[in-house]
Amino acid sequence: MLQKIKAITIYAAASSRISSVYFEAAKNLGKQLADHSITCINGGGIKGLMAAVTDAVLENGGNVCGVIPQFMYNKGWIHPAIPEVIVTPDMHVRKRTMADKSDACIALPGGVGTLEELLEIITWKQLGLYSKPIVILNTADYYNPLLTMLDKADRENFIHSKSVAAWQVATTPEEALDFIFNKH
């Protein structure tokens, strides 16, 4: 590890109506972050995998920074136990803040918001706007359809082959962190 990893942005589902296998991976990741003294930066949500990661980090003595846009904060969607909260004027500033504050990004399974965050950070990396590691945590093969689509885009020259190197795919939280530690 050439540079100390101090903070990792975690993109994750806000849904709570998903399989326990995803929650187990999220909790494991949270514990791993705390064990490595890595601050978890996320959207600060009170539900789903986002909250599961937050809870696990905090239960294991780690730190969490929640970055939430004002309209979500006003709706009471912020996790009440997060010690550091940054309220942004909108989603765009939220995503930029999360990227700027972190040394890497990990995308857990999620819905369209998570997919949008993941694809945007990959795009930023392709454009040279983000140079840090990006890991897709492919718990229970959740991301296989997206990875197949990205592979097709590569094969059919919709994306540059070098762009495929913009991200790593892990199947466990330990593997995700190993990719990040070894990329630095």
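In the block above lies the structure referred to throughout.
Let me sum up the structure you'll find in this document.

Reading guide: rules and limits
Within every chain, residues take consecutive numbers counted from 1 along the sequence as written. Per-residue local features of the predicted model are confined to residues with pLDDT of at least 70, and side-chain atom pairs are confined, for both listing and counting, to 80 or more; whole-chain, interface and lining totals are unaffected and use all residues. Values reported for side chains reflect all heavy atoms of the structure, with hydrogen atoms and water molecules removed beforehand. Pairing between strands requires that DSSP locate at least two bridges from one strand to the other. Each helix is a run of H or I in the DSSP string that is no shorter than four residues. Each strand is a run of E no shorter than two, and both are numbered from the N terminus. The axes are straight lines fitted to the C-alpha atoms, using for helices just the contacting stretch, and the angles between their N-to-C directions are given from 0 to 180°. Between two residues, a contact is recorded if the distance between any of their heavy atoms is within 4.5 Å. A pair of Phe, Tyr and Trp rings is counted when the ring centres sit within 6.5 Å of each other, with Trp represented by its six-membered ring. The angle between the planes then sorts it: under 30 degrees is stacked, over 60 is edge-to-face, the rest tilted. The cut-offs for exposure are 20% and 50% of the maximum accessible area for each residue type, with area from a 1.4 Å probe on protein chains only; residues under the lower value are buried, those over the upper are exposed, and the others partly exposed. For a lysine, the NZ atom is tested; for an arginine, the CZ atom; a charge sits over a ring if that atom is within 6 Å of the ring centre and within 35 degrees of the ring normal.

1. Points about the sheet that holds strand E6 (residues 134–137)
Spatially, the 7 strands line up as an open sheet ordered E4-E3-E2-E1-E5-E6-E7, and their pairing is parallel. Looking along the sheet, the strands with just one partner apiece sit at the ends: strand E4 (84–88) and strand E7 (168–170). Averaged over all neighbouring strand pairs, the angle between strand axes comes to 25°, with direction disregarded. Across 3 bridges, strand E1 (residues 7–11) lies against strand E5 (residues 105–107) in parallel orientation. Within E5, the position partnered with Tyr11 by the bridge is Ala107. Across the sheet, helix H4 (residues 91–101) is in contact with E1, strand E2 (39–42), strand E3 (64–69) and E4; its angle to E3 comes to roughly 160°.

2. Overview of the environment of Gln168
Relative to the assigned elements, Gln168 resides in strand E7. Leave out the neighbours within four places in its chain, and Gln168 touches Ile134, Val135, Ile136, Phe179 and Lys183.

3. Concerning the packing of aromatic side chains
Tallied over the full model, the rule gives 2 aromatic pairs. With a centroid separation of 5.9 Å and 80° between ring planes, the pair formed by Tyr22 and Tyr142 is classed as edge-to-face. Taken together, the positions of Tyr22 in helix H1 (residues 20–35) and Tyr142 in the loop between E6 and helix H6 (144–155) put the pair 120 residues apart, joining distant regions of the chain. Judged by its relative accessible area of 16%, Tyr22 falls in the buried class. Note on Tyr142: relative accessible area 31%, which makes it partly exposed. Measuring from ring centre to ring centre gives 5.1 Å for Tyr142 and Tyr143, while their planes differ by 90°; the resulting arrangement is edge-to-face. Taking relative accessible area as the criterion, Tyr143 reaches 1% and is therefore assigned buried. Ring pairs connect the aromatic residues Tyr22, Tyr142 and Tyr143, which therefore count as one cluster. For the cation-ring pair, Arg96 lies above Trp124, with the distance from its terminal atom to the ring centre recorded as 4.4 Å.

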